[in-house]
Amino acid sequence: MRIGSGYDVHQLTEGRDLYMGGVKIEYEKGLLGHSDADVLIHAIMDAIIGAMGLGDIGLHFPDTASEYKGISSILLLEKVRELMETNGYKLVNLDATIIAQAPKMRPHIDAMRSNIAKALKVDVSLINVKATTEEHLGFTGRGEGISAQAVCLIE
């Protein structure tokens, strides 16, 4: 058994769509990034890659590579699943937290869990996603960005 943790943060900006867990969420701002900037999926990928001892998402999907410009992070998560399979690992469970003052994530969490489970080819019961605010403190509390943390166990 191996454990991995992941963290990601992106700035909120106008003129971008907001994707979280592969779900497009209607909001006045989106996250700035090279790909679709889905911080939840990025944290999950980092957790899984870290658990395998294979670096991080920047090593596997650099933000300087044109083929990843605007790409769906769900597609990248599928590539991480393939990396797990190639290295003989399988997911035991995953727990992730989205930190955002707004928008409310709860209405979208079931769809996020489903998207993540589908990309990883596991039962949705192995995927837990939750959300919290920071009570208007820090950059997430001021609505400047959104962050996510993830922990996974693989075997």
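Above this note sits the structure.
Every chain's residues receive numbers from 1 upward, in the order its sequence appears when written. Given that the model is predicted, a residue must reach a pLDDT of at least 70 before its local features are reported, and side-chain atom pairs must reach 80 or more before they are shown or counted; all residues, however, enter totals for whole chains, interfaces and linings. The basis for the side-chain values is all heavy atoms of the structure; hydrogens and waters are excluded.

### As for the overall build of the chain
Right, so step 1: From N to C terminus, the chain includes five helices and seven strands.
Right, so step 2: Two things to know: the radius of gyration comes from C-alpha atoms, and the globule rule equals 2.2 Å times the number of residues to the power 0.38. Its C-alpha atoms give the chain a radius of gyration of 15 Å, within 12% of the compact-globule value 15 Å for 155 residues.
Right, so step 3: Oriented by its inertia axes, the alpha-carbon framework of the chain measures out at about 40 × 35 × 25 Å.
Right, so step 4: Across the 155 residues that make up the chain, the buried fraction comes to 45%.
Right, so step 5: All accessible areas in this document rest on Shrake-Rupley with a 1.4 Å probe, and a residue is counted as covered only by the protein chains that are shown. Looking at the chain as shown, the accessible area adds up to about 7600 Å², and 49% of this sits on carbon and sulfur atoms.
Right, so step 6: Of note, the chain has its 15 positive side-chain charges centred 3 Å away from the centre of its 21 negative side-chain charges. Secondary structure is summarised from DSSP: a helix means a run of H or I of at least four residues, a strand means a run of E of at least two, and numbering begins at the N terminus for each. With a 1.4 Å probe rolled over the protein chains alone, any residue whose accessible area is under 20% of its type maximum counts as buried; one over 50% counts as exposed, and the rest are partly exposed. Counting rule applied: Lys, Arg positive; Asp, Glu negative; His and chain ends not counted. To locate a charge, take NZ of a lysine, CZ of an arginine, CG of an aspartate or CD of a glutamate.

### Let's talk about the sheet that holds strand β1 (residues 2-13)
In sheet architecture, strand pairing relies on hydrogen bonds along the backbone and comes in two forms, parallel and antiparallel.
Right, so step 1: Two strands are counted as paired when DSSP detects at least two bridges linking them. Ordered by their spatial adjacency, five strands build an open sheet running β4-β1-β7-β5-β6, and the pairing between neighbours is mixed. This sheet does not close on itself; its edge strands, each paired only once, are β4 (30-31) and β6 (127-132).
Right, so step 2: Where strand β5 (residues 91-99) meets β6, six bridges bridge the pair, whose relative direction is parallel. Along β6, the bridge assignment pairs alanine 96 with valine 129.

### Some remarks on the packing of helix α1 (residues 39-52) against helix α4 (residues 109-120)
Right, so step 1: To get an axis, a line is fitted to the C-alpha atoms, and for a helix only the part in contact is used. The angle between two axes follows their N-to-C directions and goes from 0 to 180 degrees. Following both chains from N to C, one finds α1 and α4 inclined at 40°, their axes separated by 12 Å at the closest point. Classed by the angle they form, the pair α1 and α4 counts as oblique. Like other packed secondary-structure pairs, α1 and α4 cross with a definite hand, here right-handed. On α4, the residues touching Leu40, Ile41, Ile44 and Ile48 of α1 are Met112, Ile116 and Leu120.
Right, so step 2: The class makeup of the residues in the contact of α1 with α4 is seven nonpolar, no polar and no charged. An angle below 35 degrees is treated as roughly parallel, one above 145 as roughly antiparallel, one from 65 to 115 as roughly perpendicular, and anything else as oblique. Helix crossings get a hand from a simple test, with the near helix turned counterclockwise from the far one by less than a right angle marking a left-handed crossing and a clockwise turn marking a right-handed one. Any two residues whose heavy atoms approach within 4.5 Å are treated as being in contact. Classification used: nonpolar for Ala, Val, Leu, Ile, Met, Phe, Trp, Tyr, Cys and Pro, charged for Asp, Glu, Lys and Arg, polar for all others including Gly.

### A closer look at the pattern of salt bridges
Right, so step 1: When a carboxyl oxygen of Asp or Glu is within 4 Å of a side-chain nitrogen of Lys or Arg, the pair counts as a salt bridge. Counting across every chain of the model gives seven salt bridges.
Right, so step 2: With a shortest N-O distance of 3.6 Å, aspartate 17 and lysine 24 are connected by a salt bridge.
Right, so step 3: Under the relative-accessibility criterion, aspartate 17 is labelled partly exposed at 41%.
Right, so step 4: Owing to a relative accessible area of 43%, lysine 24 belongs among the partly exposed residues under this scheme.
Right, so step 5: When salt bridges that share partners are traced, they join Arg81, Glu82 and Glu85 into one network.

### So, the side chain of threonine 140
Right, so step 1: Structurally, threonine 140 can be placed in helix α5 (residues 138-141).
Right, so step 2: Its relative accessible area of 1% is what places threonine 140 among the buried residues.
Right, so step 3: Setting aside residues no more than four positions away along its own chain, threonine 140 makes contact with Ile99, Gln101, Glu134, Gly145, Ile146 and Ser147.

### Quick notes on the packing of aromatic side chains
Right, so step 1: For Phe, Tyr and Trp, where Trp contributes only its six-membered ring, two rings pair if their centres lie within 6.5 Å, and the inter-plane angle classes them as stacked under 30 degrees, edge-to-face over 60, or tilted in between. Applying the stated criterion across every chain yields a total of one aromatic pair.
Right, so step 2: Measuring from centroid to centroid gives 5.4 Å for phenylalanine 61 and tyrosine 68, while their planes differ by 90°, and the two rings are edge-to-face.
Right, so step 3: You can call phenylalanine 61 buried: its relative accessible area is 14%.
Right, so step 4: Residue tyrosine 68 is classed as buried on the basis of its relative accessible area of 14%.

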